[in-house]
Amino acid sequence: MKYLCLICGETLIEQMTEGDAAKHFDEYMAFSQAIKDSGHYLGCNRLLPANTAITLRVRNGKVTTTDGPFAETKEQLGGYFLIEATDLNEAIQVASRIPGAKLGCVEVRPVAEDSQTLGLPAAHLAC
């Protein structure tokens, strides 16, 4: 089963000292290689800071946008890993090794793989 591991933290790599950022990056490189080697890795990306985000809504056919994320919170979404695991317990074990878990939190969420969702072409999936 696929799981999305959403990494949130108060301190992003852009806010770290050069030395701390390099160490944090090295930890992520080691973690990424370890889950590639174990077969859990499906994909990942680091996100730019929340102040680069746009939140949009469509109401009555009209699109409105606001700067930044919708939620006002100290922690912000910094990136994600998409992993393969046999069950939630294994996904938690993998996610617990994500370096960002030491600085913030990681939300582990199963990816919908029901027959209705899997039967749709990717362009028609509701996200």
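All residue numbers refer to positions counted from 1 along the written sequence of the respective chain. Only residues with pLDDT of 70 or above have their local features reported here, since the model is predicted, and side-chain atom pairs are shown and tallied only from 80 upward, although totals for entire chains, interfaces and linings are computed over all residues. Hydrogen atoms and water are omitted, and side-chain values are computed over all heavy atoms in the structure.

Caption draft 1: Quick look at the packing of aromatic side chains. To pair, rings of Phe, Tyr and Trp, with the six-membered ring standing in for Trp, must have centres within 6.5 Å; the planes then decide the type, stacked if under 30 degrees apart, edge-to-face if over 60, and tilted in the middle. As enumerated under the stated definition, the model contains two aromatic pairs in all. With 6.2 Å between their ring centres and 0 degrees between their planes, Tyr-28 and Phe-81 make a pair best called stacked. With a gap of 53 residues between them, Tyr-28 in helix H1 (residues 18-38) and Phe-81 in strand S5 (residues 76-84) connect regions that are remote in the sequence. Here Tyr-28 matches Phe-81 in class, with each residue buried. Between the aromatic rings of Phe-31 and Phe-81, the centroid separation amounts to 5.0 Å while the plane-to-plane angle is 90 degrees, which identifies the pairing as edge-to-face. On the criterion of sequence distance, the pair formed by Phe-31 in helix H1 and Phe-81 in strand S5 is long-range, its members being 50 residues apart. This pair shows no difference in class: Phe-31 is buried, exactly as Phe-81 is. An aromatic cluster is built from Tyr-28, Phe-31 and Phe-81, whose rings are joined through pairwise contacts. For a ring to carry a charge above it, either NZ of a lysine or CZ of an arginine must fall within 6 Å of the ring centroid while also lying within 35 degrees of the normal to the ring plane. The positively charged end of Lys-36 is found above the aromatic ring belonging to Tyr-41, 4.9 Å away from the centroid. Only DSSP runs of H or I reaching four residues or more are called helices, and only runs of E reaching two or more are called strands; each is numbered from the N terminus. Each residue is assigned to one of three classes by its accessible area relative to the maximum for its type, calculated with a 1.4 Å probe on protein chains only: buried under 20%, partly exposed between the two thresholds, exposed over 50%.

Caption draft 2: Expanded view of the sheet that holds strand S1 (residues 2-9). The four strands lie next to each other as S2-S5-S1-S6, forming an open sheet whose pairing is antiparallel. The sheet is open, and its two borders are formed by strand S2 (41-46) and strand S6 (104-110), each paired with just one other strand. Across the sheet, the axes of successive neighbouring strands diverge by a mean angle of 20 degrees, strand direction being ignored. In this sheet, S5 lies alongside S2 in antiparallel orientation, the contact comprising five bridges. Pairing of Asn-45 across the sheet is with Tyr-80, part of S5. In this analysis, strands are considered paired if DSSP registers two or more bridges between them. Throughout, an axis means a line fitted to C-alpha atoms (over the contacting stretch in the case of helices), and angles, computed between N-to-C directions, take values from 0 to 180 degrees.

Caption draft 3: Region of the structure containing the confidence of the model for the protein chain. Residue-level confidence of the predictor is what pLDDT reports, using numbers from 0 through 100. The predicted model of the protein chain has a mean per-residue pLDDT of 88, with 88% of residues at 70 or higher. For the protein chain, the element scoring lowest by mean pLDDT is helix H3 (residues 115-118), at 71; helix H2 (residues 88-95) scores highest, at 97.

Caption draft 4: Inspection of the side chain of His-40 at higher detail. With respect to the element layout, His-40 can be found in the loop between H1 and S2. The exposure class assigned to His-40 is buried, which follows from its relative accessible area of 12%. Under the rule applied, a polar contact is a pair of N or O atoms within 3.5 Å (in protein, one hydrogen donor and one hydrogen acceptor; residues adjacent in sequence only if both atoms are side-chain atoms). A distance of 2.6 Å separates a polar atom in the side chain of His-40 from a polar atom in the side chain of Ser-38. A distance of 3.0 Å separates the side chain of His-40 from the side chain of Glu-90, its partner in a polar contact.

Caption draft 5: Seen up close, H1. Spanning 21 residues, H1 covers 30 Å between terminal C-alpha atoms, matching the ideal 30 Å at 1.5 Å per step. Along H1, the residues that are buried comprise Ala-21, His-24, Tyr-28, Phe-31, Ser-32 and Ile-35. Buried residues of H1, seen end-on, are gathered within an arc of 100 degrees and therefore sit on one face of the element. Of the residues in H1, the exposed ones pointing more than 90 degrees away from the buried face are Glu-18, Lys-23 and Asp-37. The elements touched by buried residues of H1 are S1, S2, S5 and H2. In a helix, the anticipated span is given by 1.5 Å times the number of residues less one. This arc is built from the directions going out from the helix axis to the C-beta atoms. In what follows, residue pairs with any heavy atoms lying within 4.5 Å of each other are defined as contacts.

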